[in-house]
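# What the coordinates show
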Amino acid sequence: MPERIRKNKKVSIVYSMQNSKGETLMEVSPYAPVYYLHGYRNENIVPGLEDALEGHKEGDMLSVPLSYEQAYGPYNEDFVIEVSKEELAPFIDDFWIGGYIERFENEDWEEMSESERFLKEIEEQREPEGYIIREIRKNTVILDGNHPYAGTDLVFNVKVISVSDASIMELENGYPKEAENDYD
């Protein structure tokens, strides 16, 4: 009997993701499937998709419409900030729209500028991976800490590639080790 997706299972999937207009936003190749541990709510998979996969097995195909609340959450205007180029200079070499700035790692609160402190507070609220440059002005840059698909209703067209028991190490870490020899 085929393995079913449930807590503590290591799962690999491929999918395409579309917005509510049917425009394809992302496609995951069968040559590089997404792996995740079911029931661990990590960043490899959005919560609504993980919930929808419960009970499915290898080879199953499904279409999963998700509201933004079930996917990447609401768009939060508080995560859009204006920062001086001078303050960002140590973190980025060139300013371009769509550019990405990784989250700040400076832990010395007293030496942080007001903008750095604000960014650090945002990180502590929701742990963003980084910030996208949305606008470049003469002396400042507009940064957006929201996920690119925040506030967007999505449809995932998914195929379950594999379902297996997770190793003890994977369960302890909460993340899967991608299967070896998947590309042979």
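As a starting point, this report considers the structure included with it. These numbers were taken from a predicted model, which means no experiment stands behind them. (Residues numbered from 1 in each chain as written. Predicted model: local features only at pLDDT ≥ 70, side-chain atom pairs only at ≥ 80, totals over all residues. Heavy atoms only, no water.)

### Considerations on the nonpolar core
- Counting residues in hydrophobic clusters, the biggest one holds 23 residues, and the most contacted among them are I13, Y15, L49, L53, F156 and V158.
- Elements with a contribution of two residues or more to this core: β1 (9-19), β3 (34-37), α1 (47-53), β4 (61-66) and β9 (154-165).
- Sequence-distant contacts of Y15, defined by excluding residues within four places in its chain, comprise M26, E27, V28, V34, F156, N157 and V158.
- Listed in part, the nine residues of the second largest apolar core include V83, I92, I133 and V141. (Core = buried A, V, L, I, M, F, W, Y, C linked by side-chain atoms within 4.5 Å. Buried < 20%, exposed > 50% of the residue type's maximum accessible area, 1.4 Å probe, protein only. Helix = DSSP H or I, 4+ residues; strand = E, 2+ residues; numbered from the N terminus. Contact = heavy atoms within 4.5 Å.)

### Considerations on a nonpolar patch on the surface
- Taken together, the side chains of W96, I97 and I136 present a nonpolar region at the surface, about 310 Å² in accessible area.
- Here I97 shows up in the loop between α2 (85-88) and β6 (100-102).
- Take I97: its relative accessible area is 58%, and that puts it in the exposed class. (Patch = residues over 30% accessible without salt bridge, like charges linked within 9 Å, V, L, I, M, F, W, Y side chains within 5 Å. Areas by Shrake-Rupley, 256 points an atom, 1.4 Å probe, with all protein chains shown as cover. Salt bridge = Lys/Arg side-chain N within 4 Å of Asp/Glu carboxyl O.)

### Brief notes about the side chain of T140
- Inspection of the secondary structure puts T140 in strand β8 (residues 140-144).
- A relative accessible area of 18% places T140 in the buried class.
- At 2.6 Å, the side chain of T140 and the side chain of E82 are in polar contact.
- Excluding residues within four positions of it along the chain, T140 makes contact with E82, V83, S84 and K85. (Polar contact = N/O pair within 3.5 Å; in protein donor to acceptor, adjacent residues only side chain to side chain.)

### What to know about the pairing of strand β2 (residues 24-27)
- Here β1 runs beside β2; their pairing, made up of three bridges, is antiparallel. Looking at β2, one finds that S16 is bridged to E27.
- Joining the antiparallel neighbours β1 and β2 is a turn of four residues, in which G22 adopts a positive phi near 85 degrees. (Pairing = 2+ DSSP bridges.)

### A word on the packing of aromatic side chains
- Counted under the stated rule, the structure contains two aromatic pairs.
- Positioned above the aromatic ring of Y40 is the side chain of K7, whose terminal nitrogen or guanidinium carbon lies 4.7 Å from the ring centre.
- Against the face of F95 rests K85, its NZ or CZ located 5.9 Å from the ring centre. (Phe/Tyr/Trp six-rings, centres within 6.5 Å; stacked < 30°, edge-to-face > 60°. Lys NZ or Arg CZ within 6 Å of the ring centre and 35° of its normal.)

### Points about the pattern of salt bridges
- All chains considered together, the criterion is met by nine salt bridges.
- A salt bridge links K10 to E170; its shortest N-O distance comes to 3.1 Å. Here the residue K10 occupies a position in strand β1, and E170 occupies one in helix α4 (residues 168-173), the gap between them amounting to 160 residues.
- Classification of K10 by relative accessible area gives buried; the value is 11%.
- By relative accessible area, which is 6% here, E170 ends up buried.
- Residue R134 pairs with D144 through a salt bridge whose shortest N-O separation is 3.2 Å.

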